[in-house]
Amino acid sequence: MIIARKLDELITARRKLPGTVGLVPTMGFLHEGHLSLVRRAGQECTSVIVTIFVNPTQFGKNEDLDQYPRDIDHDLQLLEQAKVDIVWIPPATEMYPAGFQTWVEVTELTKPLEGEIRPGHFRGVTTIVAKLFNAVRPDTAYFGQKDAQQCAVIRQMTRDLSYPIQINICPTLREPDGLAKSSRNSYLDPKQRKAAVILFQALSKAKDAFDNGERKAETIRKLAADVINSEPNAVLQYVSCADFETLSEINNIDQKAILSLAVFIGKTRLIDNFILG
Ligand code: AMP
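Since we're looking at a predicted model, the values are computed, not measured. All residue numbers refer to positions counted from 1 along the written sequence of the respective chain. Only residues with pLDDT of at least 70 get local features here, since the model is predicted, and only at 80 or more are side-chain atom pairs given and counted; chain-wide, interface and lining totals rely on the full set of residues. Excluded from the side-chain calculation are hydrogens and water; included are all heavy atoms of the structure.

Asker: Explain the site of the ligand residue by residue, including any values.
Answerer: We call a residue near a given molecule or strand whenever any one of its heavy atoms falls within 4 Å of it. Taken together, 17 residues lie near the ligand, and Met27, His34, Asp147, Leu173 and Lys181 sit nearest. Counting of polar contacts relies on pairs of N or O atoms within 3.5 Å, with two restrictions inside protein: one atom must be capable of donating a hydrogen and the other of accepting it, and residues adjacent in sequence are counted only when both atoms are side-chain atoms. Between the ligand and His34 there is a distance of 2.8 Å, counted from an oxygen atom to a side-chain nitrogen or oxygen. All accessible areas in this document rest on Shrake-Rupley with a 1.4 Å probe, and a residue is counted as covered only by the protein chains that are shown. Its free accessible area being 480 Å², the ligand has 92% of it covered by the protein chains. It is helix 2 (residues 32-44) that provides the largest number of residues to the shell around the ligand, a total of three residues. Think of it as three bins: nonpolar holds Ala, Val, Leu, Ile, Met, Phe, Trp, Tyr, Cys and Pro, charged holds Asp, Glu, Lys and Arg, and polar takes everything else, Gly as well. For the shell around the ligand, the residue count by class is seven nonpolar, seven polar and three charged. Helical segments are the DSSP runs of H or I of at least four residues, strand segments are the runs of E of at least two, and each set is numbered from the N terminus.

Asker: Describe the pattern of salt bridges, naming the residues involved and giving the relevant values.
Answerer: When their charged atoms lie close together, side chains carrying opposite charge are able to pair. By definition here, a salt bridge exists when the distance from a side-chain nitrogen of Lys or Arg to a carboxyl oxygen of Asp or Glu is within 4 Å. Enumeration according to the criterion identifies 13 salt bridges in this entry. The shortest N-O distance in the salt bridge between Asp64 and Arg184 comes to 2.8 Å. Residue Asp64 is located in the loop between strand 3 (47-52) and helix 3 (72-81), and its partner Arg184 is located in the loop between strand 6 (166-170) and helix 8 (190-195); the two are separated by 120 residues in the primary sequence. For the residue pair Asp64 and Arg184, the accessibility class agrees, reading buried in each case. One salt bridge connects Arg174 with Asp272, and the closest N-O pair in it is separated by 2.8 Å. Placement of Arg174 in the loop between strand 6 and helix 8 and of Asp272 in strand 9 (residues 268-276) is noted, with a sequence separation of 98 residues between them. What makes Asp272 buried here is its relative accessible area of 3%. Sharing partners across several salt bridges, the network here consists of Glu218, Arg221 and Glu249. Exposure is judged per residue with a 1.4 Å probe applied to protein chains only, and the accessible area is read against the type maximum: over 50% gives exposed, under 20% gives buried, and values in between give partly exposed.

This is the structure in C-alpha cells:
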C-alpha cells in the first residue's frame, strides 16, 4: 500500500495503477461503515484509493473540527488489511494553499436540511470532493447513504460538472442495536451511547407506519419526532420527510422519499435516515 501525502506523490502513484480506479473519500477514524465502502470498491474496481482528510472548510466556526477524532496509525492498519492500493493523506496547506479562492457550489439541493443548519458545509464538501476527483481521476467514487443529502449533492455536482465518474451509494452500516456507525459516536459517554439508539427507533417506528400504508408525510414526521422526544437525553433538531431527488418537503409519500433526522445527544450531533419506498 502506497501512502501518499503530497499531491505529486499521489499523481505519480495513481499513474502506475492498472485498470479501473475506485475512490473512497473519508475523514479518517475509520470504522466498519467506511470499510464497507472500501470493500465494495475492491469488488468493483481493479484498484482502490482511499483519502483521509479532515476538511476544515466543511466545518462551521462552532463545530468540532479541533476535536474531530483522529487515529491515522489504526486507519492505515485497517486499509492495509483491506488491500487498498493508495492512501492519500494530503496536508491542509496543500489542499488550501495561501490565497485559495475558488469554490464549487451546488446551489439548490444544499438549501434545506443540513445545508440550512450548517451554512457553508456543502460548499466545503463539494469543493474538496471536486479537488479529490480532479487529482485522483477515479472511474467510480463511493459514498455512504448515511449522509443522504451529501449523496444527492455529490450526484448533482458530478452531473453538472460533467465528471466522467460513476457515483455509487452504499447502505448504512449499523451497530447491533441499530445506531448508525459514525466516527462521532466516539464522543458519546455510556449513558449517551444507550440513548443514541433512539434515532434508529424513531426511523423504524415511522417506517413501520409507512410499510403499513401510512402515506401522510406529516404523520410520519410526527411519529418519528414523538419517539425522539420520549428520550430525555435527546434533543430533536429536525425531522424531514422529503422527496428523494429534490429534498423538498412533501405532503404525501407517493414516490421515493427520504426520512431524515438530526438529533443532539448531549453536545454530540447525530444524523440518520431511512429511504421510504
Ligand atoms: P466520513 O469519514 O464521516 O466523512 O465518511 C466517509 C464516507 O463514509 C462518507 O461517504 C460516509 O457517508 C460514509 N459512511 C460514514 N458512516 C457510514 C456508515 N455507518 N455506513 C456506511 N457508510 C458510512
